[in-house]
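Tertiary structure, described
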2 protein chains.
Amino acid sequence: MTATIQAPTVSPVAPTFLPLYRQIKALVLRGLEAGEWKPGEAIPSESELAARYRVSQGTVRKAIDELAAENLLVRRQGRGTFVATHGEPRQQFRFLRLAPDHGEPGPYASRTFECRRGRASAEAARMLELKPGDAVVAIRRVLLFGGEPIVLEDITLPGAVFKGLTAERLAEHEGASIYHLYETDFGTRMIRADEKLKAAAADPTAARLLGVAAGTPLLSVERVAFTYGDRPVEWRRGLYRTDRHHYTNALY
Amino acid sequence: MTATIQAPTVSPVAPTFLPLYRQIKALVLRGLEAGEWKPGEAIPSESELAARYRVSQGTVRKAIDELAAENLLVRRQGRGTFVATHGEPRQQFRFLRLAPDHGEPGPYASRTFECRRGRASAEAARMLELKPGDAVVAIRRVLLFGGEPIVLEDITLPGAVFKGLTAERLAEHEGASIYHLYETDFGTRMIRADEKLKAAAADPTAARLLGVAAGTPLLSVERVAFTYGDRPVEWRRGLYRTDRHHYTNALY
DNA sequence: TATCTTAAGTCTTATAAGAGACATAGGACA
DNA sequence: TGTCCTATGTCTCTTATAAGACTTAAGATA
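A brief look at the structure comes next. On a predicted model such as this, the values are computed, not experimentally measured, just so you know.

Residue and element names in this part refer to chain A. Reading across the sheet, the 3 strands line up as E1-E3-E2 and stay open at both edges, with antiparallel pairing between neighbours. The open sheet has two free edges, formed respectively by strand E1 (42-43) and strand E2 (73-76), since each of these has just one partner strand. Two elements, E2 and strand E3 (residues 80-83), share 4 bridges in a ladder whose sense is antiparallel. Bridge pairing in E3 places Leu73 opposite Val83. Across the sheet, helix H3 (residues 57-69) lies against E1, E2 and E3, angled at about 115 degrees from E2, the strand it touches most.

So this is what it looks like as structure tokens:
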């Protein structure tokens, strides 16, 4: 059939027809983006959405299926469908791929050295799609596992989005995922991220903060994280000690 | 409904009921594993499978959906559903996550230094689920991009599976993915792989083969690749030069 | 007559809708 | 206080129809 919800404008070039379930998906996505339902909350039931959009429940199901596959929604049979959040334990370390070589992961902690406001460098501006000189927030911190400093991170955020972010606010939040903080305090939910990995030698500062000799090979992890609409809202560079940990990746 | 294809044996403890579409999925998977349809070939149409298994076409569809999501099958509207293969260009570098920092990837080549039969070390045996001393094939090669040596790899394979593998056979196959060779010549299709990444300093041998100074930080990538039934059939360790390339990863 | 074009036919997978089964949580009730 | 019932979710399965991709053959054209 290829029905459309709103009368489509005729375009001679691009395929103007989108499957019905994808149109529904786009509408739900818009609701998510607009904050109609907050992280952790339940969205309306499938039949409710079906009634709202005048389609069958099965069509809504297929739309939600895709959003759930993208980790934007979480289904719980018999309960409902919920907006995914970085708060729940299972999502806690979704973006951290570090694992100990042997044994169980030790207790996690973070220590923030610096959290200051500044101006975007050319590189930061490029990564975050800002103009050079725009306001940014710069964070430097160390992640500890089992009491040992394992990761040194420099995080750069657009100042416009993260207005009231201070070292105190970060300290209060220690132990939990920083993405949870972004979510609860700044209404910015991270959807996906791209990482680039390289090997690098520890410079004197990194060596001191991580407790290794200068020149030690470290894993350099550069990440750009995106929110709705593929808007980049975090740029970070991490240096990982890999003497007793490793970065895990599953290939399919 | 929760119908079963064969009368289920009653088990008091585990959920003996599997959704119908998962039973179908298991049956198709068994056919794939048994080589009923070879890589690149089309499997029977949805309605044909539906008739064979006495279920509706939609149920077969859902089973195939999952197998396609796992990259075991490839759907082509109007044509059929095909057994995935490492031969087609798009799948060619599915497991190689290296990308140049700038510009397009240069032409690819590989140079094999060594391909000999030997006995499994304790470590190799553990990785490949063999007994120490079992026959293995050991390959050492360098991957070149744009003429430059970028990756040094040591590959270990179970000798029982890769009986006639020789340096000549490898050389004939140069330019294409080695997984394609496994598939066509040894009937072993790689399904998925686990990787562990670390940073390491180049030892003299690696430094010479990669054309860098000894001690240069390199990305160490250890991979175990699995075929059907999660059976490990390849263990490899790669050393990547990351001065002008990086390992990319997408996080969801 | 030989060749190219085009339209119909017939495969395939993709989309849509609906009915019934299963899971969960909370209130009614003994 | 504990158990059962029921309302309300998602999950499973089926059926029907649409859309995409080849094949074939009729017809136009040289």
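Moving on, we get to the relation of the copies chain B and chain A. Once chain B has been moved 0.0 Å along the axis and rotated by 180 degrees, it coincides with chain A to within an RMSD of 0.1 Å. Seen this way, the second copy is the image of the first under a two-fold rotation axis. The overlap is high: 100% of the interface residues of chain B also sit at the interface in chain A, so the same surface is used on both sides.

Let us now look at H3 of chain A. All names here are of chain A. The end-to-end C-alpha distance of H3, which contains 13 residues, comes to 18 Å, matching closely the 18 Å that a straight helix rising 1.5 Å per residue would cover. Buried within H3 we find Thr59, Val60, Ala63, Ile64, Glu66 and Leu67. What you see down the axis of H3 is that its buried residues fit within an arc of 155 degrees, all on one side.

What follows concerns helix H7 (residues 178-186) of chain B. Residue and element names in this part refer to chain B. Along H7, the positions that sit buried rather than exposed are Ile178, Tyr179, Leu181, Tyr182, Glu183 and Phe186. Turning to H7, the residues buried within the fold contact strand E5 (135-145), strand E6 (148-158), helix H6 (167-172), strand E8 (217-227) and strand E9 (231-240). Capping of H7 at its N-terminal end is provided by Ser177; its side-chain oxygen lies 3.1 Å from the backbone amide nitrogen of Tyr179. Immediately downstream of H7, the backbone of Gly187 shows phi near 60 degrees, a positive value.

Residue and element names in this part refer to chain A. Enumeration over the complete set of coordinates arrives at 12 aromatic pairs over all chains. With a centroid separation of 5.1 Å and 55 degrees between ring planes, the pair formed by Phe162 and Phe186 is classed as tilted. Here Phe162, found in the loop between strand E7 (148-158) and helix H6 (167-172), pairs with Phe186, found in helix H7 (residues 178-186); they are 24 residues apart in sequence, far enough to count as distant. Taking the relative accessible area as the measure of exposure, Phe186 reaches 17% and is therefore buried. Between Tyr179 and Tyr182, the aromatic rings sit 5.4 Å apart at their centres with planes inclined by 50 degrees, giving tilted as the arrangement. With Tyr179 and Tyr182 both in helix H7 and 3 residues apart, the pair spans about one turn of that helix. By the burial criterion, Tyr179 is buried, and Tyr182 matches it. One aromatic cluster is present, built from ring pairs that chain together Phe95, Phe162, Tyr179, Tyr182 and Phe186. Positioned above the aromatic ring of Phe226, the side-chain terminus of Arg192 is 4.3 Å from the ring centre.

The rules behind each value
- Think of each chain on its own: its residues are numbered from 1, step by step along the sequence as written.
- Starting at A for chains and at 1 for ligands, labels are handed out in the order in which the entities are written.
- Local features are withheld for residues below a pLDDT of 70 in this predicted model, meaning they are given only at 70 or higher, and side-chain atom pairs are given and counted only at 80 or more; totals for whole chains, interfaces and linings count all residues.
- In computing side-chain values, all of the structure's heavy atoms are included and hydrogens and water are not.
- Being paired, for any two strands, means DSSP has found at least two bridges between them.
- Helix and strand definitions follow DSSP, with helices as H or I runs of at least four residues and strands as E runs of at least two, each counted in order from the N terminus.
- Whether two residues are in contact is decided by their heavy atoms, any of which lying within 4.5 Å being enough.
- Orientation is described by axes fitted as lines to C-alpha atoms, over the contacting stretch for helices, and by angles from 0 to 180 degrees between their N-to-C directions.
- The least-squares superposition of copies is restricted to C-alpha atoms, and to residues with a pLDDT of at least 70 in both copies.
- To estimate how far a helix should reach, multiply one less than its number of residues by 1.5 Å.
- Throughout, exposure labels follow a simple rule: accessible area from a 1.4 Å probe, protein chains only, divided by the maximum for the residue type, with under 20% read as buried, over 50% as exposed, and the rest as partly exposed.
- By definition, the arc is the one covered by directions from the helix axis to the C-beta atoms.
- Under the rule applied, a polar contact is a pair of N or O atoms within 3.5 Å (in protein, one hydrogen donor and one hydrogen acceptor; residues adjacent in sequence only if both atoms are side-chain atoms).
- Side-chain rings of Phe, Tyr and Trp, where Trp is taken by its six-membered ring, are said to pair if the distance between their centres is within 6.5 Å; with planes under 30 degrees apart they count as stacked, over 60 as edge-to-face, and otherwise as tilted.
- A ring has a charge above it when a Lys NZ or an Arg CZ is no more than 6 Å from the ring centre and no more than 35 degrees off the ring normal.

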